[in-house]
Amino acid sequence: MQSHARGKNRADATTHNSEQVSPDTPVKRYNLVLPEILYREVQTLANKEHTTVIDLLRRFIKLGLLVAKLTQDENTSLIILEGDKEREIILFI
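Residues numbered from 1 in each chain as written. Predicted model: local features only at pLDDT ≥ 70, side-chain atom pairs only at ≥ 80, totals over all residues. Heavy atoms only, no water.

1. As for the overall build of the chain
Scanning the chain for helices and strands turns up 3 helices and 2 strands. When the helices and strands of the chain are placed in sequence order, the string is α-α-α-β-β. Within the chain, buried positions represent 13% of all 93 residues. Within the chain, contacts between residues at least 6 apart in sequence are counted, and of these 22% link residues at least 24 apart. (Helix = DSSP H or I, 4+ residues; strand = E, 2+ residues; numbered from the N terminus. Buried < 20%, exposed > 50% of the residue type's maximum accessible area, 1.4 Å probe, protein only. Contact = heavy atoms within 4.5 Å.)

Next comes the structure, spelled out in structure tokens:
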């Protein structure tokens, strides 16, 4: 399944994002190829959250950058709480 935003100007393409992109903000385009099963998972989550796949991918990237930054400090731990369970996430980036 592929979708393309052809024929839309930049303002139109950014109106559905959680963060509006100013016309003065430089942007980069990146084509991403995902396995279909992974795309379907992201699409399902986007539908549940009433957002777009691209919006979710932007959020995932921001979260990944935050995690990468945190893991650079040896005195910082990433902890996930699930109810009464606590898990430390160790990443090798």
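Here the narrative resumes, following the displayed structure.
2. A look at unusual backbone geometry
Here the phi dihedral of His-50 falls at roughly 55 degrees; this positive angle occurs in a residue that is not glycine. As for its position among the elements, His-50 is in the loop between helix H2 (36–48) and helix H3 (53–71). By relative accessible area, which is 75% here, His-50 ends up exposed.

3. Regarding the pattern of salt bridges
Counting across every chain of the model gives 4 salt bridges. Among the ionic pairs, Arg-40 bridges to Glu-36, the shortest N-O distance being 3.1 Å. Of this pair, Arg-40 and Glu-36 both sit in helix H2, separated by 4 residues, roughly a single helical turn. Between Arg-87 and Glu-82 there is a salt bridge, with the nearest N and O atoms lying 3.2 Å from each other. The exposure class assigned to Arg-87 is partly exposed, which follows from its relative accessible area of 42%. (Salt bridge = Lys/Arg side-chain N within 4 Å of Asp/Glu carboxyl O.)

4. So, the pairing of strand E1 (residues 78–82)
Strand direction decides the pairing type here: E1 and strand E2 (residues 85–89), joined by 5 bridges, are antiparallel. In the strand pairing of E2, Ile-80 is matched with Arg-87. In sequence, E1 turns back onto E2 through a hairpin of 2 residues, with Gly-83 there showing a positive phi of about 65 degrees. (Pairing = 2+ DSSP bridges.)

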